[in-house]
Amino acid sequence: MKSAMLSRRLVFAAMLPFLLPPSGILASNETIDVDSWIYPAFRTLELSGLVDLPSRMPWTRGEAEFFLERALQSLGDGGAPLTARRSFILDRLKAEFLGKASRPMNREDGPLWCLKEGARFATFDLSAGASYGKSAPEDRTGAAGSAVPEFLADLGRGLTLVSSYSARIERESGSNVSGEKPSPREKSFRGLRSEYRRGYLSVTGGRWAILAGRDHIHWGPGRVEGLIMSRTAGSIDQLSATVELGRFRLSAVQAVLDPEIPRRLAGHRLEISLPRKVRLGISETVVYTGRSLDFSYLIPVGSFYANQYNERDDDNILWGADLKVPLRRGLIAHGEILVDDFQYEDRGTAPDRLAFSVAIDALAAPFGRDVEITAGYARVDIYTYAHKDSLLTRYVAGNGDPLVNPILGSTLGPDSDRWNLGIRLSVTARLTTEAGVTLTRRGDGNDLREWEWGSDPDPDFPSGATVEERTFLLGGSFDLGGGSSVFGKACLVRASGPGSDGDGSYAYLGMILDF
C-alpha cells in the first residue's frame, strides 16, 4: 500500500509541470551553481552600489540577467566609476547573460555541445581540473583530477531539465579505497568517486517557480555559510516553490533527508526588500522523522511551531532572521540570528539554544585596484542543532549522523565561535590574490550532545576543555575566461587544547578548464 501511494505521488510530481499553464518564459531558466564565479562577481557590483542582491542562493539565470540590467541602468545613471577589475567583471557578465537566454552557444561560458530546434535546445558541458598538493604533518603529496559533466535542456513552456555530476580521482587512502564510501553519496573505485550533485525539473513563470529534484538551499546574506540553511550542507532532494509579490518573496521547501528512516525537512522563508536597499529575511524550518509527508507543514503561509504544538510530537523546529544593510557605497553590514530553543517561561531551568553572526563587507580602490575586505564573528550556543527527543531529529543532513553528514546550518556546530578577517586584492583585471586569518574555538559540547535534565543549563562558553584553531591563508587565481582558471592556495593551522590534532599545513596548485 505504501509503495503504491509513493508511486502515485512520484507520478503526480513528474506530471505537475506539464499540467501548468504556459509560463511566458521563452528560454531555459536553470539555477546557477552556488560555486559559480557569478556570485562573487555580482557581490563586487553590489559593493560598488550598482545593484541590490537577494539574501539567498541559488539564483536563476533570469534573475541574474535582471540584476545585470539593473546594474547597467545604475551605471548609466551616474554610478561609481569602474576600475579595470569591475569593467572586466561587467564585460564577462554581459557576455554571459545579455540576449543569451535562448542562445547558449553564444554565452561567455558556453557549452561543449548544443542541439537546437526552434526555441528549444539541449546542451552538454564539461569542465575538468587537475591539482597537485602537499599536506603536513602527514607529509603527503599527490595529484588529483576532477570533472563536472552537466546536461541542460530547455523543454519549452518554461520547463528546464538539469543533471550534473562531480567526479574526482586521487590516490587511494583512508575511506577512498575500492568498495568504501568516502561520503554517504559516494562510493570509491580505486580512488575514483563521483557525486550526483544537482538534478531537477523546474518550471518558471514571470513571478513564480517550482522545482522538483536535487539542488542547494542557502538562506541568508553570508557568502560562505548560513545559520539556518547553508550551502555547506550540500545539495538536498526537494520539492520547492517561490512566488514574488511586490517587495515580498515567499519560498517553501519540502525535502527528504533520508528516504529509508525516513527523515524529512520542511521550511519556509519570507524575504522583504525594504527602502534604501535593506533586505530582511524571516525563516522557519522543521526536521521530523518516522512518517511520510506531513501536511501540517505543507502550506507556507502559517506557523510550523503552532501546528506542531497543537497536533504533533516535539519535532525539531528552528527560526531564523537575517538583515542586510548597505551603510554607504562600498560598505555593507549583515547579520543573522538563529533560535533553536528559548526559555520564555521558566528562565534558568533549561538552556537557551541560540546562534548569531555579524559581518562587514567593504570595497575600496586605492591606486585603481579593487580591495575587498570582509570581517565577521559567529557564535553557536551549546546544544544548538541537537534535539532532546530523538537523535534522528538533530539538525543534520542525511541520516542524522554528524560523523558522516554535515549540519544543515553553520559548519561551526554547537558550543563554538569564530572570528574571521579576509582581504582580496585585484592585481590586474584577471589576477586576484587573497589573504585571511580565522580564530575558532570549540568546547566539549561541539559533538551535538543533548542536554540532560539536572545538568547546568548555562555552562561556561565554550564549555569544558576548549580547542583553539588559528588559520592563516594565502591564495590567488588567474581568470583564463570562459569558466577556466589557474589557482593556488597555502594554509597554516595552529591548534592547541586537549584532543587537538596539533599544527598542520597544506598547499596546492591547480587548473580548471571549461570546455
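Residues numbered from 1 in each chain as written. Predicted model: local features only at pLDDT ≥ 70, side-chain atom pairs only at ≥ 80, totals over all residues. Heavy atoms only, no water.

What exactly am I supposed to notice about the environment of Ser102 here?
As for its position among the elements, Ser102 is in the loop between helix H4 (84–97) and strand E2 (113–117). Judged by its relative accessible area of 28%, Ser102 falls in the partly exposed class. Sequence-wise, Ser102 and Lys116 are 14 residues apart; in three dimensions their C-alpha atoms are separated by 9.5 Å. (Helix = DSSP H or I, 4+ residues; strand = E, 2+ residues; numbered from the N terminus. Buried < 20%, exposed > 50% of the residue type's maximum accessible area, 1.4 Å probe, protein only.)

Would you explain the packing of aromatic side chains in this entry?
Ring pairs (aromatic) are described by centroid distance and by the angle formed between their planes. According to the stated counting rule, one finds 16 aromatic pairs in the structure shown. Plain terms: the ring middles of Phe356 and Tyr377 are 5.9 Å apart, the flat faces sit at 55° to each other, and that makes the pair tilted. Linking Phe356 in strand E15 (residues 353–364) with Tyr377 in strand E16 (residues 371–380), this pair joins segments that are 21 residues apart in sequence. Among the aromatic residues, those joined into a ring-pair cluster are Tyr39, Phe42, Trp59, Phe66 and Phe67. Over the ring of Phe461 we find Arg379; its NZ or CZ atom is 3.7 Å from the centre of that ring. (Phe/Tyr/Trp six-rings, centres within 6.5 Å; stacked < 30°, edge-to-face > 60°. Lys NZ or Arg CZ within 6 Å of the ring centre and 35° of its normal.)

Is there a simple way to think about unusual backbone geometry in this case?
The general pattern is negative phi for most residues beyond glycine and trans for most peptide bonds. The peptide bond linking Met57 to Pro58 adopts the cis configuration, its omega dihedral lying at 0°. Summarising the element assignment, Pro58 is placed in the loop between strand E1 (56–57) and helix H3 (61–76). Residue Phe461 is joined to Pro462 through a cis peptide bond whose omega torsion reads -15°. With respect to the helices and strands, Pro462 occurs in the loop between strand E18 (431–442) and strand E19 (467–481). A positive phi angle, close to 65°, is found at Lys277, a residue other than glycine. With respect to the helices, strands and loops of the structure, Lys277 is situated in the loop between strand E11 (263–274) and strand E12 (278–289). On the basis of relative accessible area, Lys277 is assigned to the partly exposed category, the value being 35%.

Help me understand the pairing of E15, please; the structure alone is not making it clear to me.
Regular strands show a simple pattern: their side chains alternate between the two faces of the sheet. Bridge count for strand E14 (residues 331–341) against E15 is ten bridges, and the pairing is antiparallel. What sits directly across from Leu338, in E15, is Ala355. Bridge analysis of E15 against E16 gives ten bridges, and the strand direction is antiparallel. Directly across from Leu363, in E16, lies its bridge partner Glu372. The antiparallel pairing of E15 with E16 creates a hairpin that spans six residues between the two strands, and Phe367 there sits at a positive phi of about 60°. (Pairing = 2+ DSSP bridges.)

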